[in-house]
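Given next are the chains, with one letter for each unit.
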Amino acid sequence: LKAICCEGLVKLFFAKRISDHEILAKLIAIYFLPNSPADPKTLSNLIAKEDNQNVCSSDYMGVEGFESLEKTFQSTALGSPIRLKQILTTFFSCYPKIQNVA
């Protein structure tokens, strides 16, 4: 859910709907800190936990790309740490140009 929220915030920044520096700082932290939603190791830990607890795939019903946690490794799956990493990488390289800072 955090990855989806981050993606939404990035879109709001691109659309110039928000410009809060605290939110921007949190997105930077999410990009760089280990065990954040953008860290693929976080997803690996969740998959290991899912395997140990025999979580039913119906727990993910109704959420696009979440038929199982393993599917979220795909870069196109909504909430995927790989997708979030790609989005944040693009955002941080483009955002200064959008704001006329660079």
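Residues numbered from 1 in each chain as written. Predicted model: local features only at pLDDT ≥ 70, side-chain atom pairs only at ≥ 80, totals over all residues. Heavy atoms only, no water.

K.L.:
Would you mind going over the overall build of the protein with me for this structure?
P.N.:
From N to C terminus, the protein includes four helices and zero strands. The N-to-C order of helical and strand elements in the protein reads α-α-α-α. Residues counted as buried form 27% of the 102 residues belonging to the protein. Pairs at least 24 residues apart make up 52% of the contacts formed inside the protein by residues separated by at least 6 positions. When the accessible surface of the protein is summed, it comes to about 6700 Å², and 58% of that surface belongs to carbon and sulfur atoms. (Helix = DSSP H or I, 4+ residues; strand = E, 2+ residues; numbered from the N terminus. Buried < 20%, exposed > 50% of the residue type's maximum accessible area, 1.4 Å probe, protein only. Contact = heavy atoms within 4.5 Å. Areas by Shrake-Rupley, 256 points an atom, 1.4 Å probe, with all protein chains shown as cover.)

K.L.:
Please clarify how the packing of helix H2 (residues 21-32) against helix H4 (residues 81-98) should be interpreted in this entry.
P.N.:
Axes are the key here: two packed helices are described by the angle between their axes and the distance separating the axes. For the pair H2 and H4, interaxial distance at closest approach is 10 Å and the crossing angle is 130°. As judged from the angle between their axes, H2 and H4 are oblique. Remark: the crossing between H2 and H4 carries left-handed chirality. In this structure, H2 uses Leu-24, Leu-27, Ile-28, Ile-30 and Tyr-31 to contact H4, whose residues at the interface are Leu-84, Lys-85, Leu-88, Thr-89, Phe-91, Phe-92 and Tyr-95. (Axes fitted to C-alpha atoms, helices over the stretch in contact; angles between N-to-C directions. Parallel < 35°, antiparallel > 145°, perpendicular 65-115°, else oblique. Left-handed = near helix turned anticlockwise from the far one by under 90°.)

K.L.:
Mind showing me how you'd approach the side chain of Glu-7 here?
P.N.:
Tracing the chain through its elements places Glu-7 in helix H1 (residues 2-14). Look at Glu-7 and you get buried, because its relative accessible area is 7%. Apart from the residues lying within four places of it in its own chain, the contact partners of Glu-7 are Leu-78, Arg-83, Leu-84 and Ile-87.

K.L.:
For this particular structure, what's the right way to read unusual backbone geometry?
P.N.:
Phi at Lys-16 takes a positive value of approximately 60°, unusual for a residue other than glycine. Mapped onto the fold, Lys-16 is located in the loop between H1 and H2. Residue Lys-16 is classed as exposed on the basis of its relative accessible area, which comes to 54%.

K.L.:
How do you make sense of the pattern of salt bridges when you look at a structure like this?
P.N.:
If you walk through the whole model with that rule in mind, you get two salt bridges. Measuring nitrogen to oxygen at the nearest pair gives 3.5 Å for the salt bridge that ties Lys-11 to Glu-7. Of this pair, Lys-11 and Glu-7 both sit in helix H1, separated by four residues, roughly a single helical turn. Of the charged contacts in the structure, one is a salt bridge between Glu-7 and Arg-83, with a shortest N-O distance of 2.6 Å. Remark: Arg-83 occurs in helix H4 and Glu-7 occurs in helix H1; sequence separation between them is 76 residues. The exposure class of Arg-83 is partly exposed, given its relative accessible area of 21%. The network of salt bridges with common partners includes Glu-7, Lys-11 and Arg-83. (Salt bridge = Lys/Arg side-chain N within 4 Å of Asp/Glu carboxyl O.)

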